[in-house]
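Structural overview for review
Given next are the chains, with one letter for each unit.
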Amino acid sequence: MSELPPADLPQPPDLPHAEPHPNPAGIKRLAVLTSGGDAPGMNAAIRAVVRTATHHGVEVVGVRRGFSGLHRGDLRMIGPRDVANTIQRGGTVLLTARSKTWRTPEGRASGAAHLREWGVDGLVVIGGDGSFHGGYYLQQEHGVPIIGIPGTIDNDLYGTDHTIGYFTAVETALGAVDRLRDTGASHERIFVIEVMGRHAGHIALEVAVAGGAEEVFIPEDPKPVDGVVQIVKDSVAKGKASSIIIVAEGYPGGAQGVASAIEAGTGLETRVSILGHIQRGGSPVSSDRVLASRLGEAAVYALMDGTAGVMVGRVNGEVIHTPLHETWERRKDVSRDLYRCAKTLSI
Ligand code: F6P
């Protein structure tokens, strides 16, 4: 006979289970779409939206090809089995697009009409700031309740510590930097590596610190490129035979500009590697899957609660709501500490 544990042992915490969520907004059917650049973890977010809704008796309409598909009426019912085996997949099973037509009032009116035809009570938009603009105008002009889920590798949305896809993109870029370091060290070369980030240096900064780079160039600090010449000269003087320099895509002149300045100022040979869209692909890492799952669930609860016109984000581990327009009007700064750290460690 097994003995009972002593009474003073810590009791298991009272963990919540999947409980019924109130639905004061009376949401019966919602729609979900992915829009703009795809990001690893978008499928996990779609899955979370579909399964949370189904769990609470809400039907889901999947819109294919983002707003482009919405104005053309490319809609279909989706259920929990349709999102099986997708949590580990990169890209988006709903497909995505950047739509010019959606920028016109006619395009948005046509999309709103399709949502009415399908009896949709609210729309979940998974994407970046361009996609949130699209959703914002749909709500303003046609009263469709919109909830945004931040899905972009750039991590450039105010109102969330991280966006879905960012963690995976950083890992992918870092893997490439590690490989380039092997060949750079063998040839005693300077590698200038460009990572994605149209207007933001979050990926560049993280990769620079994690990849042990000598220097990093980001759009948030458009310092003159000629400063790098001295940095490379100093590196050589300190006995560094090879160097890794990370440049965010949005830095004026990009990697090519930085490499040209180094060659002109030092006479040393460089190699440029532009990582490009490879950073958007691949199976999402666990942090992206978990973030997507949590925010997908939160998006459905927000609609059921009667909330609209906000992005769900996670700040310090807590889910918060930020008005859609603030996600692009307010600037999300890069980490000053990380920027300093990158400099300190590059001696
Ligand atoms: O999704 C963000 C992003 O990957 C940016 O980093 C990049 O500048 C842009 O999308 C590229 O977009 P496209 O896929 O249209 O070439």
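Residues numbered from 1 in each chain as written. Predicted model: local features only at pLDDT ≥ 70, side-chain atom pairs only at ≥ 80, totals over all residues. Heavy atoms only, no water.

With 60 residues, the main nonpolar core has Leu30, Ile149, Val216 and Ile246 as its most contacted residues. The element contributing the most residues to this core is helix H9 (residues 286–305), with 10 residues. When residues of this core are assigned to domains, at least three map to each of domain 1 (29–165 + 284–329) and domain 2 (166–280). Setting aside chain neighbours within four positions, we find Ile246 in contact with Val177, Ile193, Val195, Ala204, Val207, Ala208, Ala213, Glu215, Val216 and Phe217. If you look at the next biggest cluster of nonpolar residues, it comprises 20 residues, including Val63, Phe132, Ile146 and Leu157. (Core = buried A, V, L, I, M, F, W, Y, C linked by side-chain atoms within 4.5 Å. Buried < 20%, exposed > 50% of the residue type's maximum accessible area, 1.4 Å probe, protein only. Helix = DSSP H or I, 4+ residues; strand = E, 2+ residues; numbered from the N terminus. Domains from an automatic or database assignment. Contact = heavy atoms within 4.5 Å.)

What follows concerns the UniProt feature "domain: Phosphofructokinase" (unreviewed entry) in the protein. According to UniProt, the positions carrying the feature "domain: Phosphofructokinase" (unreviewed entry) are residues 29–302. Across residues 29–302, the secondary structure splits into 44% helix and 17% strand, with the terminal C-alpha atoms separated by 14 Å. (UniProt positions renumbered as here; feature names shortened; annotations may be inferred.)

Right, let's get into the UniProt feature "active site" (unreviewed entry) in the protein. Per the UniProt entry, the sites bearing "active site" (unreviewed entry) are Asp154 in this numbering. Along the chain, Asp154 falls in the loop between strand E5 (146–150) and helix H5 (166–187). Beyond its immediate chain neighbours, meaning those up to four positions away, Asp154 contacts Thr163, Met196, Gly197, Arg198, Ala200, His202 and Ile203.

Helices that pack against each other are described as a pair by the angle of their axes relative to one another and the distance between those axes. One can describe the packing of helix H1 (residues 42–55) onto H9 by two numbers: an axis separation of 7 Å at closest approach and a directional angle of 40 degrees. Between H1 and H9, the angle falls in the class oblique. Like other packed secondary-structure pairs, H1 and H9 cross with a definite hand, here right-handed. Residue-level contacts link Ala44, Ala45, Ala48, Val49, Thr52 and Ala53 of H1 to Arg289, Ala292, Ser293, Gly296, Glu297, Val300 and Tyr301 of H9. When its residues are assigned to classes, the contact of H1 with H9 shows 8 nonpolar, 3 polar and 2 charged. (Axes fitted to C-alpha atoms, helices over the stretch in contact; angles between N-to-C directions. Parallel < 35°, antiparallel > 145°, perpendicular 65-115°, else oblique. Left-handed = near helix turned anticlockwise from the far one by under 90°. Nonpolar A, V, L, I, M, F, W, Y, C, P; charged D, E, K, R; others polar.)

As a further point, take the packing of aromatic side chains. Applying the stated criterion across every chain yields a total of 5 aromatic pairs. On the numbers, 5.6 Å between centres and 90 degrees between planes, the contact of Tyr136 with Trp328 is edge-to-face. Of this pair, Tyr136 sits in helix H4 (residues 129–142) while Trp328 sits in helix H10 (residues 324–329); the two residues are 192 residues apart in sequence, bridging distant segments of the chain. Judged by its relative accessible area of 22%, Tyr136 falls in the partly exposed class. Since its relative accessible area comes to 22%, Trp328 is described here as partly exposed. Grouped by ring-pair contacts, the aromatic residues Tyr136, Tyr137 and Trp328 constitute a single cluster. (Phe/Tyr/Trp six-rings, centres within 6.5 Å; stacked < 30°, edge-to-face > 60°.)

Of all 6 residues in strand E8 (residues 243–248), 6 are buried; the element is thus mostly enclosed. For the segment spanning strand E7 (residues 215–217), helix H7 (residues 227–237) and E8, crossover handedness is right-handed. (Right-handed = clockwise from strand over helix to strand, strands pointing away.)

This part covers the domain arrangement of the protein. Entries for the protein in the domain assignment read domain 1 (29–165 + 284–329) and domain 2 (166–280). For domain 1 and domain 2, the distance between their C-alpha centroids amounts to 34 Å. Each partner contributes residues to the interface: domain 1 has 17 residues there, and domain 2 has 13 residues. By the criterion of area lost to domain 2, the three top residues of domain 1 are Ile153, Asp154 and Asn155, representing 38% of everything that side buries. In this assembly, domain 1 and domain 2 are joined by 1 salt bridge. (Buried area = accessible area lost by both parts, 1.4 Å probe. Salt bridge = Lys/Arg side-chain N within 4 Å of Asp/Glu carboxyl O.)

Take the site of the ligand next. Within the structure, the ligand sits among Gly37, Arg98, Ile153, Asp154, Met196, Gly197, Arg198, Glu249, His277 and Arg280. In this structure, Gly197 approaches the ligand through a main-chain N or O atom, which is 3.3 Å from an oxygen atom. A distance of 2.9 Å separates an oxygen atom of the ligand from a polar side-chain atom of His277. For the ligand, the accessible surface in isolation is 400 Å², of which the surrounding protein chains cover 79%. Partitioned by chemical class, the residues of the shell around the ligand number 2 nonpolar, 3 polar and 5 charged. Two domains each put at least three residues into the shell around the ligand: domain 1 (29–165 + 284–329) and domain 2 (166–280). (Near = heavy atom within 4 Å. Polar contact = N/O pair within 3.5 Å; in protein donor to acceptor, adjacent residues only side chain to side chain. Areas by Shrake-Rupley, 256 points an atom, 1.4 Å probe, with all protein chains shown as cover.)

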